[in-house]
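# Coordinates in review
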Amino acid sequence: TTQPEPEAPAEETAHPEPEAPAEETAHPEPEAPAEETTQPEPEAPAEETAHPEPEAPAEETAHPEPEAPAEETAHPEPEAPAEEKETHPQPEAPAGTPPKPATTAARIRSRAPALTTAYKAAATTLKTHDLTGTRAKVHLVLDRSASMRPYFKDGSAQALAEQTLALAAHLDPEATVHVTFFSTELDGTGDLTLTDHENKIDELHAALGRMGRTSYHAAVEAVLAHHEKEAPGTPALVVFQTDGAPDAKTPATQALTDAAKNHPNVHFSFVAFGDPENKAFDYLRKLKTGNTSHFLAGETPKELTDEELYEGVLATWRP
């Protein structure tokens, strides 16, 4: 009779045990020890492991994830500013690496379409001499001695002016050519621009009156004075057109010698119109100042190709 009595309490303990887990799940986790006494029942431990694992750890891992660290990692990720800073120098580098002309081809096509062919030819010659991207002011000097009359009449002077302007578009961001007319003295000046160059030489020349002799020094001094006022210290290329030797050779040589000393970055590229065998050009052939060069353009300079002219003008210019 004693054995059935313990069975009854076993049943009694069995009834509260299922109730206890229900309360344990609803209330705190500390009552788990009661279930631990009934180890044979695997359900309680399963619940115990289920509560701590999904609840506390899951929440604990959930909190640190959205915590500031997660946001901090989100902020450094869009720290693309660091990448953006890297991308800014990238466009700058290529801009300096492959040299570019001062004026784009698109601007030439829109503002001075008639200069497009000469502009392309100038680009080719500049590249040949490794001068692409060079910056310099460009001047044009035109001889107005009496013997030059045919060259103004047939458009040779105007054609040279347009070729010079197309070259200036590569060298000068302003794409402007200052023109100096000389004969016995300084006859006059003017400017060529992309939007104001057609027939400009003929118009300026017609307004200057009488044609005189050939005084190189008057033109050299006028060009240097203008350049010193306009862009002191800036390299300059002077396309100096003439059809003969200077009437006064000593002042001409002195002016060019002084220019070489006081303005070493100004180069005078002489373009000689007329018979290349003419002894008048011996002056240019024998000229030894380091700031000059000469090109014998022949008796029909207007028939020269743009490439031929640019090759003659740029052959020795190295600013």
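Now for a description of the structure that goes with this document. (Residues numbered from 1 in each chain as written. Predicted model: local features only at pLDDT ≥ 70, side-chain atom pairs only at ≥ 80, totals over all residues. Heavy atoms only, no water.)

### Things to note about the sheet that holds strand S4 (residues 236–242)
Keep this limit in mind: For two strands to be treated as a pair, DSSP must find no fewer than two bridges joining them. In DSSP terms, a helix is any run of H or I states spanning at least four residues, a strand is any run of E spanning at least two, and both are numbered starting from the N terminus. Helix axes are fitted to C-alpha atoms over the stretch in contact, other axes to C-alpha atoms as well, and angles between N-to-C directions run from 0 to 180 degrees. Here a residue-residue contact requires only that any non-hydrogen atoms of the pair lie within 4.5 Å.
Overall, mixed pairing links the six strands, which are arranged S3-S2-S1-S4-S5-S6 in an open sheet. The outermost strands of the open sheet, each flanked by one partner alone, are strand S3 (186–192) and strand S6 (292–298). Looking at each pair of strands side by side, their axes are set apart by 20° on average, direction ignored. In the sheet, strand S2 (residues 177–182) pairs with S3 via six bridges, with the strands oriented antiparallel. Counted as the bridge partner of Phe182 is Leu186 from S3. Contacts from helix H14 (residues 216–230) reach strand S1 (137–143), S2, S3, S4 and strand S5 (266–273) within the one sheet, and its direction differs from that of S1 by about 155°.

### A short note on the packing of H14 against helix H15 (residues 249–262)
Let me state the cut-off plainly: If an angle is under 35 degrees, it is roughly parallel; if it is over 145, roughly antiparallel; if it lies from 65 to 115, roughly perpendicular; otherwise it is oblique. By definition, turning the near helix anticlockwise from the far helix through less than a right angle yields a left-handed crossing, and turning it clockwise yields a right-handed one. Side-chain classes are defined by residue name, with Ala, Val, Leu, Ile, Met, Phe, Trp, Tyr, Cys and Pro counting as nonpolar, Asp, Glu, Lys and Arg as charged, and the others, Gly among them, as polar.
Closest axis-to-axis distance for the H14/H15 pair is 7 Å, and the angle between their directions is 25°. As summarised for this structure, H14 and H15 are arranged roughly parallel, according to the angle between their axes. Every pair of crossing elements has a handedness; the one defined by H14 and H15 is left-handed. Residues Tyr216, His217, Val220 and Leu224 of H14 form the contact with H15, whose own contacting residues are Pro251, Ala252, Ala255, Leu256 and Ala259. Its residues assigned to classes, the contact of H14 with H15 comprises eight nonpolar, one polar and no charged.

### Concerning the pairing of S4
Our working definition: Only protein chains enter the accessibility calculation, which uses a 1.4 Å probe. A residue is then buried if its area is under 20% of the maximum for its type, exposed if over 50%, and partly exposed in between. With strands facing away from the observer, any crossover in which the path from the first strand over the helix to the second runs clockwise is taken as right-handed.
Here S4 lies mainly inside the structure; seven of its seven residues are buried. Residues Ala236, Val238, Phe240 and Thr242 point to one face of S4 and Leu237, Val239 and Gln241 to the other, with burial holding for every one of them. Of the pairings in the sheet, the one linking S4 to S5 comprises seven bridges and is parallel in character. Looking at S5, one finds that Gln241 is bridged to Val271. Assessed by its sense of winding, the connection that carries the chain from S4 through H15 to S5 is right-handed.

### Describing the pattern of salt bridges
Short version of the rule: Here, a salt bridge means any side-chain nitrogen of Lys or Arg that lies within 4 Å of a carboxyl oxygen of Asp or Glu.
Per the counting criterion, the structure on display carries seven salt bridges. Across the salt bridge formed by Glu230 and Lys137, the nearest N and O atoms sit 3.7 Å from each other. Residue Glu230 is found in helix H14, and its partner Lys137 is found in strand S1; the two are separated by 93 residues along the sequence. Looking at Lys137, the relative accessible area reads 9%, which means it is buried. Arg144 is the partner of Asp187 in a salt bridge, and the nearest nitrogen-oxygen pair spans 2.7 Å. One end of the pair, Asp187, is in strand S3; the other, Arg144, is in the loop between S1 and helix H11 (149–153), and 43 residues separate them in sequence. A relative accessible area of 21% means that Asp187 is categorised as partly exposed. Take Arg144: its relative accessible area is 0%, and that puts it in the buried class.

### Quick notes on unusual backbone geometry
Most peptide bonds take the trans form, and the phi angle of most residues other than glycine is negative. Positive phi is not limited to glycine here, since Ala175 has a value of about 50°. Along the chain, the position of Ala175 falls in the loop between helix H12 (156–171) and S2. In this structure, Asn199 takes a positive phi of about 60° despite not being glycine. With respect to the helices and strands, Asn199 occurs in the loop between S3 and helix H13 (200–206). By relative accessible area, Asn199 is classed as partly exposed at 45%.

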